[in-house]
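# An overview of the molecular structure
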Amino acid sequence: MKTRWEILTVDDEEVMCESLAAWLREDGYAVDTASSGREAIEKAAAKDYAIYFIDLKMPGGMDGIETMMEIRRMHADASIIIITAYATVDTAITAMKEGAQEYIVKPCNPEEISLLVERIIKVKNLQRENTILRKKLSRQYRYGDIISKNARMREILDLAREVASLRSTVLIRGESGTGKELIARAIHNMSARRDHTFVKVNCAAIPLGLLESELFGHEKGAFTGAIARRTGRFEVAHQGTLFLDEVGDIPPELQPKLLRVLQEQEFERLGSTHTIKVNVRLVAATSRNLPTMVEQREFRGDLYYRLNIFPLVVPPLRERSDDIPPLVEYFVARFAERLGRRVSRVERQTMELLQGYHWPGNIRELQNVIERSVILAVGGTLRIDAGALEGVGSRKTHATGDVLRQNEKESIEAALADTKGRVAGAQGAAARLRVPASTLESKIRALKIDKFKFRSAAS
């Protein structure tokens, strides 16, 4: 295996150069030598060496740092070790800053050199294995950034490919963590808009009262704190695709404006009467039950039907267990390379356990579990026990949304406390939060806030 990796030693001292080459050859590596920086560059141009040992001080107008920089221009993935008899902090910093992987001082210790090369070669072998695995997965189960062998997912991806060439609005429904954003990006990348911007807005993550400005922009002075004009996401996405994630969280008072821009492709910034025309393809996603929300009058029916022109329903991971093996292999390869770990196989019992788990956090939870398991892997084998699964990823999956909802609830309660429970009016909580009173009332109901307790507390 070692002889597949070739090494170049570069030093103007012939004894040092040949001694280093001899040590490496004894370890089984193929080694060439060069007596100057220019000779090293000529040899690097003709052959892609895995590792370069380069002396820092060499005559002939090209020192080790300059030689290293020229080689890295030709071979960005080359591992370069700088060797010098004149060790200083400044030279070490310069060498590492310019791309040296290691910095060692003469006289060199053969055992140290062997261990260093062995460690570098292990990483390169791992990177090569992961590259081969990724290419294999890409050929078999990959659709852009989506990995799947599941028949239902293939149907969805085929539908996404069909609608990509059209301008129709797409609504992607599915649980959190199922990959709705990846499908939205795939639609954009397969469309004629692929060379224009893909803009994402998470409607559930934007604080109360700021979503309208985020989507449509505002003029200077439109409200307190609007110190400059802001361009909204619809303008940024002109000629491209706008992805509205968790569209079911858009407040009722903003829904008519969204409906208008979908139908007419026009809107006004907050604080302006100037109408802006845009050409935007909208892809929306939600983990909520919009038909039920329409029945309960929490979501406009006309907006829902306008969004639902081309629906795609993504199944949860528990209903597509055949996708778990390729996803596990992909995540193992990805995290092993990123973390510098050698994980070559997944224990059979572990794969069976993963396929039988219910995955409340879906693919996002699986990703979290695999990352943690790669870190803890021993002997190149990934092993997971049942106790490690329960709650490991699902807590992280839902944590962000829970924190956002709690922060929003605390902001509303603070405003209600300051205004003695009043919602409307110039001195009400809605004015303080810079949102319509009806929007705040909807949020109070959704978050189950008792606004009356603030009135009784004030009396």
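In what follows, the accompanying structure is described. These figures come from a predicted structure and were not determined experimentally. (Residues numbered from 1 in each chain as written. Predicted model: local features only at pLDDT ≥ 70, side-chain atom pairs only at ≥ 80, totals over all residues. Heavy atoms only, no water.)

### Some words on the packing of aromatic side chains
A complete count under the given rule lists nine aromatic pairs for this structure. Ring centres of F331 and F335 lie 6.2 Å apart, and the angle between their planes is 25°; this geometry places the pair in the stacked category. Placement of the pair is F331 and F335 together in helix 13 (residues 324-339), with a separation of four residues, close to one helical turn. Here F331 and F335 have matching classes, each one buried. Pairwise contacts between aromatic rings join F216, F234 and F267 into one cluster. (Phe/Tyr/Trp six-rings, centres within 6.5 Å; stacked < 30°, edge-to-face > 60°. Helix = DSSP H or I, 4+ residues; strand = E, 2+ residues; numbered from the N terminus. Buried < 20%, exposed > 50% of the residue type's maximum accessible area, 1.4 Å probe, protein only.)

### Remarks on the pattern of salt bridges
The final tally for this structure, using the stated rule, is 27 salt bridges. Taking the shortest distance from any N to any O, the salt bridge between R383 and E347 comes out at 3.1 Å. Within this pair, whereas R383 is found in the loop between strand 16 (381-382) and helix 16 (386-389), its partner E347 is found in the loop between strand 15 (345-346) and helix 14 (348-356), the two being separated by 36 residues in sequence. One connected set of salt bridges, linked through shared partners, spans D11, E13, D55 and K106. (Salt bridge = Lys/Arg side-chain N within 4 Å of Asp/Glu carboxyl O.)

### Looking at the sheet that holds strand 14 (residues 310-313)
Spatially, the five strands line up as an open sheet ordered 9-10-13-8-14, and their pairing is parallel. Looking along the sheet, the strands with just one partner apiece sit at the ends: strand 9 (198-202) and strand 14. Direction aside, the axes of adjacent strands within the sheet are offset by 20° on average. Sheet analysis places strand 8 (residues 170-173) next to strand 13 (residues 281-286), joined by four bridges and oriented parallel. (Pairing = 2+ DSSP bridges. Axes fitted to C-alpha atoms, helices over the stretch in contact; angles between N-to-C directions.)

### Some thoughts on the environment of R193
Along the chain, R193 turns up in the loop between helix 7 (180-189) and strand 9. Relative accessible area serves as the criterion here: at 13%, R193 is assigned to the buried category. When near neighbours in sequence (up to four residues on either side) are disregarded, R193 contacts R167, H188, Q239, G240, T241, N279, V280 and R281. A polar side-chain atom of R193 sits 2.8 Å from a polar atom in the side chain of N279. (Contact = heavy atoms within 4.5 Å. Polar contact = N/O pair within 3.5 Å; in protein donor to acceptor, adjacent residues only side chain to side chain.)

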